[in-house]
Each structure stands twice: as structure tokens, then as C-alpha cells.
Amino acid sequence: MAWAKSREPGKFDLAASNMLACTIDDLAGAREALSLDGTNENGYPPLLEAIAARYGVATSRVMTGNGCSGANFLVMAALLSHGDEVVMERPYYDPLAGAARLAGATVRSVDRKFADGYALDVEALAKAMTSRTRLVVLTNPHNPSGVLLSDDTIVSAAEAAATRGAFLLVDEVYLDIVNLLGEEPRQEPAALLAPNVISTSSLTKSYGLNALRCGWAIAPGDVAERIRRARDVVDGIAPMPAERLSVLAFEQMETLADRARAIVSRNLDAFRLWMMGIKQLELAT
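Attention here is on the structure that accompanies the text. (Residues numbered from 1 in each chain as written. Predicted model: local features only at pLDDT ≥ 70, side-chain atom pairs only at ≥ 80, totals over all residues. Heavy atoms only, no water.)

## Considering helix H3 (residues 45-55)
Defined as follows: Three exposure classes are used, based on accessible area relative to the maximum for each residue type with a 1.4 Å probe and protein chains only: buried under 20%, partly exposed in between, and exposed over 50%. The way it works is that DSSP assigns letters per residue, a run of H or I at least four long becomes a helix, a run of E at least two long becomes a strand, and they are numbered from the N terminus. Contacts are assigned to residue pairs that have any heavy atoms within 4.5 Å of one another.
Among the residues of H3, those classed as buried are Leu47, Leu48, Ala50, Ile51, Ala52 and Tyr55. Buried residues in H3 make contact with strand S1 (62-66), strand S6 (197-202), strand S7 (214-218) and helix H10 (240-251). Taken from the residues just after H3, Gly56 is the one with a positive phi, measuring 70°.

Have a look at this one:
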């Protein structure tokens, strides 16, 4: 993260991970919606309702955070203590391991190998778990390879975690853009697949709204409550203007989705054409 924040950006920045940022005018009514008032002690109710409606769950299962990374950190802060273990795929998004270690946990990893198409070996995942395992962490699509997990694989991983009394956290921050492109069968959020699964995501990567820092976790009701209490000692509440604008974004999701689809489709075509001329690299299709 330190490198990402301090590096010299190139003319064509292939290292950036966000969608092209929206301007305030990309959200109709944004200027009128800006306000400093409102009640969001445990999350802004209209935003909780919008997220819950998108997933088809009760608002009691929704907890908001400062982006997807913030939601991931709060999950770990709520579930982990010193001496606990986290089993995590490798390669992984570095802040996930950092958050687990900050919570006092030891990270054990299971390799997703290029030779295997970065497939997840659920049997190896299960063998890596011990009596101290409290959390298993995956990304879907896999960050950094982009490989998708099937619903059956997620269920199998959740069942393996359950045998140890552990939860499965699936970071789905890029899942919406995969579903928007329609190149793969539409995938269900992991939290809807098994009772011990927690899904995290945000409006950042797929919709160009990184500046709003609107992230969330979908978790079992009792876990969501533990996450709320963890937030009490981290940042308490989210900025009210961002919460209000995030609700506006959910109300305009189809427009934002169309914008994202157009940007990524155009960029993906250009990237594939570029890759055809780079013999040293392989591109999975």
C-alpha cells in the first residue's frame, strides 16, 4: 500500500485498481443531497436498507465500513484475538493479511498456483486449518489473478471452516463488475450460500465511487452486531455526506452499472489487443 500511494504514475496506469472515478455530476441530484445532518449511529438507516435490499437480507445482517478494506478490518477486529489463526489463500491482497496480523492472529496460507489455473484446493485449505483457526479468507474473483470461485467451491470451503467452528470471509469487491460484464454465469454473493459465510464489498472498484468509501459486510445477525461494536472503537460512524451520497448511488445503480460496463468493455478490448503482442505473457480467456 505504501508503494501504491507513493509511486510515480505512468501515462497509462495499469497498476491502478479502481474504476475511472465518477464526478459529482455523474450522480444526479448529488449537490442537492449534500447535507451534514442525519442519524447514523449504527449506520445510516436508508443506506442499510439499500444494501439489504440489494442482497435480499434483513438490515440486521448489514454492517457498513470505510470501503471494503475497512469492512474486512472490522470483521477481523470483531472475530479475532491474539493467538488465533487465519487461513488465507496466496497470493493475496496484502492488506487482508495485514489486518489479520494487526488483530493479533497468525496467518497460514494455501497456495493458488498458476499451473492449476489459480484454482482453489479446498482439501489443502482444510488441511491448513487447526483448532486455533477462527477465520478463513478468500477473494472472489481472486485478487490478483481474477479467477472466479464456483458456488460449490465456496460452499465446500465454508463447510470445511465450519468443522473448525470458523467463519469464511469472502471479499467480493470485484464481483459486481464480473456480473455486469456477463462473460461468466452470474454469481450469488457468498453470504447467501452458507450460514457461516461473511461477504464484503463496496461501491469503489466496480462503480467508480472510491471517494465515498462506502463499504459493507453481510454477516449472520450476531456477527454483524459484533462488527458494529468493533466499529465503536475504530471510527464510530461514517461521514454523513458520504452516507447520503451512497444512498443516492444505490438509487441510480442501473445508470452507474451502464457507465461501468461501457468503460470496462472498452478497456478490456484494448487490453486483449495489447496482450496479443506480448509473447512473454499469457492471458486466460
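## Topic: the side chain of Thr200
Here Thr200 is to be found in strand S6. When near neighbours in sequence (up to four residues on either side) are disregarded, Thr200 contacts Cys68, Ala71, Asn72, Val75, Leu169, Val170, Asp171, Glu172, Val173, Trp216 and Ala217.

## Notes on the packing of helix H4 (residues 67-79) against helix H5 (residues 94-102)
The condition is simple: Only the stretch in contact is used when a helix axis is fitted, and all axes are lines through C-alpha atoms; the angle between N-to-C directions ranges over 0 to 180 degrees. Reported orientations rely on four angle classes, namely roughly parallel under 35 degrees, roughly antiparallel over 145, roughly perpendicular from 65 to 115, and oblique for the rest. By definition, any crossing whose near helix is turned counterclockwise from its far helix by less than a right angle is left-handed, and any crossing with a clockwise turn is right-handed. For this classification, Asp, Glu, Lys and Arg are treated as charged, while Ala, Val, Leu, Ile, Met, Phe, Trp, Tyr, Cys and Pro are nonpolar and the rest, including Gly, are polar.
Axis separation between H4 and H5 bottoms out at 9 Å; the angle between their running directions is 30°. Considered as vectors, H4 and H5 are oriented roughly parallel to each other. Crossing of H4 against H5: the hand is right-handed. Here Asn72, Phe73 and Met76 of H4 come into contact with H5, specifically with Leu96, Ala99, Ala100 and Leu102. For the contact of H4 with H5, the class distribution of residues is six nonpolar, one polar and no charged.

## Quick notes on the packing of aromatic side chains
Rules: Pairing of aromatic rings covers Phe, Tyr and Trp, the last counted by its six-membered ring, and requires centre-to-centre distances within 6.5 Å; plane angles under 30 degrees mean stacked, over 60 mean edge-to-face, and any other angle means tilted.
Within this structure, the stated rule accounts for four aromatic pairs. Seen in terms of ring centroids, Tyr55 and Trp216 are 6.4 Å apart; in terms of plane orientation they differ by 80°. Their pairing is edge-to-face. Here the residue Tyr55 occupies a position in helix H3, and Trp216 occupies one in strand S7, the gap between them amounting to 161 residues. With a relative accessible area of 1%, Trp216 lands in the buried category. Where Trp216 meets Phe250, the ring centres are 5.7 Å apart and the plane angle is 55°; that geometry is what we call tilted. Taken together, the positions of Trp216 in strand S7 and Phe250 in helix H10 put the pair 34 residues apart, joining distant regions of the chain. Considered together, Trp216 and Phe250 belong to a single accessibility category, that of buried residues.

## Considering the pattern of salt bridges
This is how it is decided: Salt bridges are defined as contacts in which a side-chain nitrogen from Lys or Arg sits within 4 Å of a carboxyl oxygen from Asp or Glu.
By the definition in use, this model includes 15 salt bridges. Salt-bridge contacts for Asp111 lead to Arg90; the nearest nitrogen and oxygen are separated by 2.7 Å. Taken together, the residues span a long stretch of sequence, with Asp111 in strand S3 (residues 106-111) and Arg90 in strand S2 (residues 85-90) at a distance of 21 residues. Judged by its relative accessible area of 39%, Arg90 falls in the partly exposed class. Between Arg229 and Glu225 there is a salt bridge, and its shortest N-O distance comes to 2.5 Å. On the criterion of helical spacing, the pair formed by Arg229 and Glu225 is a turn pair, its members being four residues apart in helix H9 (residues 221-232). Residue classification places Arg229 among the partly exposed residues on the basis of a relative accessible area of 36%. Connected through salt bridges with shared partners, the residues Glu225, Arg228, Arg229 and Asp232 form a single ionic network.

## Some thoughts on unusual backbone geometry
Both trends apply: most residues other than glycine have a negative phi, and most peptide bonds are in trans. Residue Pro91 is bonded to the preceding Arg90 through a cis peptide linkage, with omega at 5°. Mapped onto the fold, Pro91 is located in the loop between S2 and H5. The amide bond that connects Asn140 to the next residue, Pro141, takes the cis arrangement and shows omega of 0°. Note on placement: Pro141 falls in the loop between strand S4 (133-139) and helix H7 (151-162). The phi torsion at Tyr118 lies on the positive side, around 60°, for a residue other than glycine.

## Section: the nonpolar core
Within soluble globular proteins, side chains that are nonpolar generally end up buried alongside one another. Keep this limit in mind: Among buried residues, those of type Ala, Val, Leu, Ile, Met, Phe, Trp, Tyr and Cys that are joined through side-chain atoms within 4.5 Å constitute a nonpolar core.
Of all hydrophobic cores here, the largest spans 36 residues; its most connected members are Ile51, Leu203, Tyr207, Leu209, Trp216, Ile218 and Phe250. Once residues within four sequence positions are removed from consideration, Phe250 is found in contact with Leu47, Ala50, Ile51, Arg54, Leu203 and Trp216. Counting 27 residues, the second largest nonpolar core, distinct from the first, contains Leu80, Leu96, Ala217 and Ala219.

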